[in-house]
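# Per-entry structural report
So you can see what is in the structure, the chains are spelled out below.
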Amino acid sequence: MRGARRLVVHEVRLLVSLVLWVARRTQGADGGRVFGYARGQGAMMAGFAFVCVVETVAMSVLLRDWPTVHAVLLFLDVYGVVVVVGLHASSVVRPHVLDVDGGSLRIRRYVHVDLRVPLERIGSVRRELRMTHERAAGELDVEVGSQTSVTLELTEPVTHVGFFGGRREVRVVRFHADDADGLVRALGQARV
């Protein structure tokens, strides 16, 4: 039952992200400095949405003689397009946030990763472009377009809560930022 609840919350957050995207607003910045990560995936998401639209049209043509099946699949296909656009919208309106006054870095991806890292726990930060990632204990890779560009090594672990509520302690966090150099510099200044 908790899994179903989490899926519903996920879908609602996607729809809220669409509204915020249309209104050109961000979510959860709270006066901190924002660092986007969506630029590198925009073309891929647009391509994926286009393929979903083509599939919707093709299925409509193929199922025109079965109105009930056509209506059900048309609803599912259109909702699939909404989800794809919502995922991209959520990555635009939910950027990473460096809150120096609050003493934390908020690392996000779509609506299902939101990790707060206290600045005092950051042992080192570096610009490191990685294109391949192997899952390892104590490490979290928040990839965008299969790449990460910033690596944080922590002095103490932080707890990452997964999509379905699973918890794990992480000491190394890798993530992508469009302005990775600027983020690394800002974190260096914030930690002084």
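Residues numbered from 1 in each chain as written. Predicted model: local features only at pLDDT ≥ 70, side-chain atom pairs only at ≥ 80, totals over all residues. Heavy atoms only, no water.

## Here's the deal with the environment of Val 12
Structurally, Val 12 is set in helix 1 (residues 2–22). For Val 12, a relative accessible area of 47% puts it in the partly exposed group. Taking the C-alpha atoms as reference, Val 12 lies 24 Å from Phe 35; in sequence the two are 23 residues apart. (Helix = DSSP H or I, 4+ residues; strand = E, 2+ residues; numbered from the N terminus. Buried < 20%, exposed > 50% of the residue type's maximum accessible area, 1.4 Å probe, protein only.)

## Some thoughts on the pattern of salt bridges
One pass over the full model with this rule turns up 9 salt bridges. One salt bridge in this structure joins Asp 114 and Arg 106, with 2.7 Å as the shortest N-O distance. Judged by relative accessible area, which is 12%, Arg 106 ranks as buried. A salt bridge links Glu 128 to Arg 126, with the shortest nitrogen-to-oxygen separation between them at 3.6 Å. Using a relative accessible area of 31% as the deciding quantity, one classes Arg 126 as partly exposed. Within the structure, one salt-bridge network assembled from shared partners comprises Arg 126, Glu 128, Arg 130 and Glu 153. (Salt bridge = Lys/Arg side-chain N within 4 Å of Asp/Glu carboxyl O.)

## Some details on the sheet that holds strand 3 (residues 104–109)
Pairing in this open sheet of 4 strands is antiparallel, and the strands run 1-2-3-4 from one edge to the other. Strand pairing shows two members of the sheet lacking a second neighbour, strand 1 (33–35) and strand 4 (113–118), which therefore form its edges. Taking each pair of neighbouring strands and ignoring which way they run, the sheet shows an average axis angle of 15 degrees. Looking at chain direction, strand 3 and strand 4 are connected through 6 bridges and run antiparallel. (Pairing = 2+ DSSP bridges. Axes fitted to C-alpha atoms, helices over the stretch in contact; angles between N-to-C directions.)

## Points about helix 3 (residues 67–93)
Each α-helix turn comprises 3.6 residues. Residues three or four places apart therefore point the same way. The end-to-end C-alpha separation of helix 3 is 38 Å, in line with the 39 Å expected for 27 residues at 1.5 Å each. Where helix 3 is concerned, the buried positions are Asp 77, Val 81, Val 84, Gly 86, Leu 87, His 88, Ala 89, Ser 90, Ser 91 and Val 93. Lining the buried residues of helix 3 we find helix 1, helix 2 (42–62) and strand 3. (Expected span 1.5 Å × (residues − 1). Contact = heavy atoms within 4.5 Å.)

## Considerations on the layout of surface pockets
As a volume, the largest pocket reaches approximately 330 Å³. Lining the largest pocket are 14 residues, and of these Arg 6, Arg 13, Val 111, His 112 and Gly 162 sit closest to its centre. Elements that contribute at least two residues to the lining of the largest pocket include exactly helix 1, strand 4 and strand 7 (148–161). A total of 5 residues in the lining of the largest pocket trace back to one element, the largest contributor, which is helix 1. Residues belonging to the lining of the largest pocket are distributed by class as follows: 5 nonpolar, 4 polar and 5 charged. (1 Å grid on protein atoms, 1.4 Å probe; cavity = no way out; pocket = protein on both sides within 12 Å on 5 of 7 lines; lining within 4 Å. Points joined across faces, edges and corners; volume = space filled by probe spheres on them. Nonpolar A, V, L, I, M, F, W, Y, C, P; charged D, E, K, R; others polar.)

## Some points on a positive patch on the surface
Among the surface-exposed residues, Arg 2, Arg 5, Arg 13 and Arg 167 lie close enough to one another that they form a single positively charged patch. Looking at the positive patch, the element that brings in the most residues is helix 1, giving 3 residues. Mapped onto the elements of the fold, Arg 13 is located in helix 1. (Patch = residues over 30% accessible without salt bridge, like charges linked within 9 Å, V, L, I, M, F, W, Y side chains within 5 Å. Areas by Shrake-Rupley, 256 points an atom, 1.4 Å probe, with all protein chains shown as cover. Lys, Arg positive; Asp, Glu negative; His and termini not counted. Charge placed at Lys NZ, Arg CZ, Asp CG, Glu CD.)

## Re the nonpolar core
Ranked by size, the top nonpolar core spans 25 residues in total, and within it Leu 105, Leu 152, Phe 175 and Leu 187 carry the most contacts. Elements with a minimum of two residues in this core: strand 3, strand 4, strand 5 (122–130), strand 6 (139–142), strand 7, strand 8 (167–175) and helix 4 (180–191). The dominant element in this core, judged by the number of residues it contributes, is helix 4, at 5 residues. If near-sequence neighbours (up to four positions away) are discounted, Phe 175 is found in contact with His 96, Leu 105, Ile 107, Val 142, Thr 148, Ser 149, Val 150, Leu 152 and Leu 183. Membership of the second largest hydrophobic core comes to 9 residues, among which are Leu 14, Met 45, Ala 49 and Cys 52. (Core = buried A, V, L, I, M, F, W, Y, C linked by side-chain atoms within 4.5 Å.)

## Here we look at the packing of helix 2 against helix 3
In contact at an axis separation of 9 Å, helix 2 and helix 3 are set at 175 degrees when each is read in the N-to-C sense. Between helix 2 and helix 3, the interaxial angle falls into the category roughly antiparallel. In this structure, helix 2 uses Gly 42, Met 45, Phe 48, Ala 49, Cys 52, Val 53, Glu 55, Thr 56, Met 59 and Ser 60 to contact helix 3, whose residues at the interface are His 70, Leu 73, Leu 74, Asp 77, Val 78, Val 81, Val 84, Val 85, Leu 87 and His 88. The class makeup of the residues in the contact of helix 2 with helix 3 is 13 nonpolar, 5 polar and 2 charged. (Parallel < 35°, antiparallel > 145°, perpendicular 65-115°, else oblique.)

Everything listed is a geometric property; what it means functionally is a separate question.
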